[in-house]
Amino acid sequence: MKRNLVFLGPPGSGKGTQAAMLARRLGIAHLSTGDMLRNAVSEESELGRQAESYMKRGELVPDHLIIGLIERTIVSGKLRHGFILDGFPRTLPQAESLGDMLSGKGVSLDGAVLFRISDEEVVNRLSGRWSCPKCQATYNYPSNVPRRQGICDHDGMTLRRRPDDEETVVRNRLDVYRSQTKPIEDYYRRESLLTEVRAEGTPEQVFQALLAEVGWVEAAS
Ligand code: AP5
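Every value quoted in this text rests on a predicted model; they were computed, and no experiment measured them.

Enquirer: I'm lost on the site of the ligand in this one. Help?
Expert: In the vicinity of the ligand lie 36 residues, with T17, E59, R90, R129 and R173 positioned nearest. In this structure, G87 approaches the ligand through a main-chain N or O atom, which is 2.9 Å from a nitrogen atom. In isolation the ligand has 1000 Å² of accessible area, and contact with the protein removes 96% of it. Broken down by element, the shell around the ligand gets its largest block of residues, four residues, from helix α2 (residues 33–42). For the shell around the ligand, the class distribution of residues is 13 nonpolar, 14 polar and nine charged.

Enquirer: Even after reading the chapter, I still don't get the nonpolar core, so can you show me in this structure?
Expert: Of all hydrophobic cores here, the largest spans 32 residues; its most connected members are L8, L37, L85, F88, L98 and Y188. Elements represented by at least two residues in this core include exactly β1 (4–8), α2, α3 (46–57), α4 (63–76), β3 (83–86), α5 (92–104), β4 (111–116) and α8 (183–190). Ranked by residues supplied to this core, first place goes to α4 with six residues. If we ignore the near neighbours within four places in the chain, the residues touching L37 are L47, A51, M55, V61, I66 and L69. Ranked by size, the runner-up nonpolar core spans 24 residues in total, among them F7, A19, A23 and L26.

Cut-offs used in this document
- Residues numbered from 1 in each chain as written.
- Predicted model: local features only at pLDDT ≥ 70, side-chain atom pairs only at ≥ 80, totals over all residues.
- Heavy atoms only, no water.
- Near = heavy atom within 4 Å.
- Polar contact = N/O pair within 3.5 Å; in protein donor to acceptor, adjacent residues only side chain to side chain.
- Areas by Shrake-Rupley, 256 points an atom, 1.4 Å probe, with all protein chains shown as cover.
- Helix = DSSP H or I, 4+ residues; strand = E, 2+ residues; numbered from the N terminus.
- Nonpolar A, V, L, I, M, F, W, Y, C, P; charged D, E, K, R; others polar.
- Core = buried A, V, L, I, M, F, W, Y, C linked by side-chain atoms within 4.5 Å.
- Buried < 20%, exposed > 50% of the residue type's maximum accessible area, 1.4 Å probe, protein only.
- Contact = heavy atoms within 4.5 Å.

In structure tokens, the structure reads:
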């Protein structure tokens, strides 16, 4: 079974939703660079100050900042029981650095999962996304509503919309994906690591397709 994974796909393709479900099922780490950056912005750290303006515009944060962040996480040993990198790598230099960092630790990547979705479905989903500013849980109207309207199920915080989910910014994020991130699909295809999952359908349907791709076999009861 594959346990060291990267998740690729356009904004709103469900990487975060599926990564949380799979990490829980397999007992592996889920690392989202988007969540790490949003935490840095809300803590007003130096990284957050440097990243915020790029994120608001839907542009990528410079490679050296992100690569440094991942390098510190790999060194910390947090990923040793398996991992899903959600939203990293997003450029060829990031993909190449990841390869070097992992091989330096004697770890290999088992797969790169690409979530396929149309632009219109992305715009539609992101117009209905609400997130918890504290635990980063994500909800959606109408596909995944919290138990109490506008309130996080996990910690009772008031849910918020992400500033980069405004439609013009979403369209820019889609362009940025095509120009800067799509080339790494070919990079992983050449390494025979790329698998594809159709990201439309209910979250549970997508999850079943994902489990098949990672080679999950239900334990006999
Ligand atoms: P990041 O947070 O990674 O944003 P993203 O990749 O654009 O992805 P999203 O979080 O928007 O979507 P997702 O695919 O995780 O979908 P989700 O599961 O939430 O990055 C934000 C910014 O940080 C970037 O723009 C950049 O500035 C910076 N950044 C991050 N990493 C970087 C890097 N490596 N290099 C440089 N810069 C970086 O689902 C979306 C919605 O749809 C939710 O409401 C969800 O409930 C709903 N949903 C999910 N699945 C389904 C389904 N099957 N059916 C219906 N609704 C669904």
